[in-house]
Structure formats: C-alpha cells, structure tokens
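# Reading the structure
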Amino acid sequence: MLSDVARPGVVLLLLSILVGGGQLPAQLVKGQVTVAATGAPLGGALVTLADSTGSVRARTVSGRTGAYALFAPGTGRWMLRVAAIGFAPETIADVEVGAVAAVRDVALTERPFELPELVTVSSGEACQVAPGTGPVVERLLAEAATALGLVEATIDSRRLEFVTESRQVRLGIGVGDTLRHAAINRSRAAWPLASADQETLKSGGFVHDAGTLAPAIGYSEESGPTYFGPDLQVLVAPWFLASHCFNLEPDLGGDSLVVRFTPRRSSNRVDLEGHLIIHRTDLTLRQLNFQYVGLPNWVPPQGAGGEVHFERLPNGLWITRAWLLRAPIENRRGALGERRGSSFGGWAELGGRVLEIVGGS
C-alpha cells in the first residue's frame, strides 16, 4: 500500500555501481585512440569489449590523451569496438586476452554529416524503422547510441560524484502544488530513471499494476501503479527499434535536430513515444523526451512522461544534468464508500538536477 506520498520511480537516488575487483594484469586491454587523418589523440571515445554473443561486458571512455584501459571479465577472445561522435566506429573482432596485457591502438576516421532537404510526407509514408531506416535517421540513432553508451561508461567508471537536488511534488486538482520531499544529496553518478529488465518492458510495457513492483509513482488512496522509465539500453535495444517508427522532423532552422519515435501499432500494454534532440553541428545528444501511450482513458493526453537532459563534459565524460518524470494520480474514492470508476486526481512529479560535479579530472 502506498502512503499519501508517491514512492520515487524515477528520482536519481544515485544508485551505487558495484565494480568487480581482483582482475589480473593479463586481463587488461589498453591502447590509444587517435584521429586517423592527423594522429592527434582522441579523448571522449567509447571503448567496449563484447563477448561472442555481442553482449558488452566492459566499457570505458578514452582520456584526454586518447589512452584507454579496461579489464576483460576473463581470458579468451573478445571483440573490441571504439566509437566517437562524429567518427566512423572501428571494430577489432578477435582480441586475444591471455598471458600478457593486450595492446590495441585504434585510429578513427572523421565522418562528415550532411543534412538533406527534408520534405513533409504523408502519414502512410512516415514510418521508418531502424535498422534499415533512411541513412540520416540511422546515422543520428547511431550517434545517440554512442552518447548513451558514454553516459553508461561514465557511470561504470565511478569517477564522478554529484551534488544533486531532488524534488517530489504533488499537483492536486484545486489544491495547488504540494511539495512532498526535497533533498540535496552527494553520491556516485547514476542513471536517474528507475527501470525494469528488458524482458519485463518488452512483454509487459512501461506501467505495471502489480503492487510487488517498486519503485512506483502515481497513486490513489490505496495503491499506485509502477511507472518505469527507459534505461540506457532500451532506446537502442533491437526489440524497441523494431517496434517503433523513427523519423527526422522537418528543418526549422535552429541548431537542433529532432528524431521522433512512435509505436508502430497499438497494443494492450503501455508504450513510449517521444523524441531525441541532437545538436545539428557536433551531433551530441542533448535531450530525451518521452510520453506514455496506451494509458487509461481517465488520464489526460500528453501529460504523463518524462525528460532527461544530457551534457558532455570537457574531459569527454557524459552526465545527466537534469531529469523529470510525471505520472497521473488516480482518484477512486466515492461518497460513503461507494465504488465508482477511476478519475483524474492530479499529477505526481519526481525530478532533480545536478548542482555540482565532483572529481572526473
């Protein structure tokens, strides 16, 4: 049972990341990332190790000198992939990790981005699905995937601590804003949206009524559903890409590009629609906005959802600078215990922002 205060489904309660210790030097893979045309060091590149199934098992970010070092989970053959925003990625398919540390230097080639003239298309022609989208949308999705990987690598590195302000607010009908909780914390960097495992989201959607699932946001007098946000893997997961349309909005002359995503078809589970905002020149990911679709009829349209603002630091690390999630409050009470259908009772909001970044030099 939920109290009158919604339990946080999305607040950055900066989850601690457990990093395994005890790796042997022989499991080390290291090297330098450079720009192919000039030989200049390339900092801020995403370096990953994947196993034979393609699952990423270790990741890091190259430093200012282009140097990187990461530990393989074990000996054997691994796939090394290096990606940086604005560059063509490089993959070394067979890196042997064994008796001695493996050294692999990687040079990335700059990949210019040209935005073609966009035209308005009819709704029947508007659905592009990745992979296999038009080359522009596919390129922008790849750059966004790199940015999200860099956020995850920054979290894994444990190099940053945040001083964070978090807020929990109830926006009730006719009663104004009610501040339920506010705090300033210092802890390790983490992804601010609480989420579920991929199979749960794929099969059951992003909102669950089961009371055993936690955390939750949105509530009635007795109970509240669980509203999950997308994690760092959802937006680039094959099942999400295959089930959503991705389209680039017409050029409005600003400094941003907007890639919109919508479910390909309606279903009985709650899904996400929204957009990614990407800088037109340097292709960095600026913002993720999303809304829940498929909610009950009593929920006002375009109200429930969230946003995350991203920032690339001068040292190449990435952070989530600010975040917000809004979910509806369900009102079920009737006079003298009379049962009645659900109605809209307001909004529950959880959000926060980074006030100060500690470490990460």
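Here, every reference points to the structure presented above.
Predicted model, so just to flag it, every value in this text is computed and none were measured.

## A word on the side chain of Arg269
- The topology assignment puts Arg269 in the loop between strand S15 (256-263) and strand S16 (271-279).
- Here the side chain of Arg269 touches Lys202 through a polar contact of 3.4 Å, landing on its backbone oxygen.
- Apart from the residues within four sequence positions on either side, Arg269 is in contact with Leu201, Lys202, Ser203, Gly204, Gly205 and Val293.

## Regarding the pattern of salt bridges
- In total, this model carries 14 salt bridges according to the counting rule given.
- In this structure, Arg59 engages Asp156 in a salt bridge whose closest nitrogen and oxygen atoms are separated by 3.1 Å. Taken together, the residues span a long stretch of sequence, with Arg59 in strand S3 (residues 56-61) and Asp156 in helix H1 (residues 135-157) at a distance of 97 residues.
- Overall, Asp156 belongs to the partly exposed group, its relative accessible area being 26%.
- Between Glu249 and Arg260 there is a salt bridge, with the nearest N and O atoms lying 2.5 Å from each other. One end of the pair, Glu249, is in the loop between strand S14 (244-248) and S15; the other, Arg260, is in strand S15, and 11 residues separate them in sequence.
- Accessibility expressed as a relative area gives 32% for Arg260, which makes it partly exposed.
- Linked through salt bridges whose partners overlap, the residues forming this network are Arg59, Glu152 and Asp156.

## So, the environment of Phe310
- As for its position among the elements, Phe310 is in strand S18 (residues 305-312).
- Sequence separation of Phe310 and Leu285 is 25 residues, and the distance between their C-alpha atoms is 6.6 Å.

## Concerning the sheet that holds S3
- The strand order S3-S2-S5-S7 describes an open sheet built from 4 strands, whose pairing is antiparallel. With one partner strand each, in any of the chains shown, S3 and strand S7 (90-97) form the two edges of the open sheet. Each adjacent strand pair in this sheet contributes to an overall mean axis angle of 25°, direction not counted.
- Both strand S5 (residues 76-83) and S7 contribute to a ladder of 6 bridges, which runs antiparallel. Paired with Arg81 across the strands is Thr91, a residue of S7.
- On top of the sheet, H1 reaches strand S2 (46-50), S3 and S5; it is set at about 85° to S3, its chief contact.

Each value, and the rule that gives it
The residue numbering used here restarts from 1 in each chain and proceeds along that chain's sequence as written. Reporting of local features is limited, given that this is a predicted model, to residues whose pLDDT is at least 70; pairs of side-chain atoms are given and counted only at 80 or more, and all residues count toward the totals for whole chains, interfaces and linings. Only hydrogens and water are set aside when side-chain values are computed; all heavy atoms of the structure are taken into account. Runs of H or I in DSSP of at least four residues are treated as helices and runs of E of at least two as strands, each being numbered from the N terminus. For the purposes of these results, a polar contact is taken to be a pair of N or O atoms within 3.5 Å, where, inside protein, one atom must be able to donate a hydrogen and its partner to accept one; residues adjacent in sequence count only when each atom of the pair is a side-chain atom. Two residues form a contact once any of their heavy atoms are found within 4.5 Å. The term salt bridge refers to a pairing of a side-chain nitrogen on Lys or Arg with a carboxyl oxygen on Asp or Glu at a separation within 4 Å. The buried label goes to any residue with under 20% of its type's maximum accessible area, the exposed label to any with over 50%, and the partly exposed label to all in between, with areas taken from a 1.4 Å probe on protein chains only. Pairing between strands is defined by DSSP: at least two bridges between the two strands are required. The convention used is that axes are lines fitted to C-alpha atoms, helices contributing only their stretch in contact, and that angles between N-to-C directions extend from 0 to 180 degrees.

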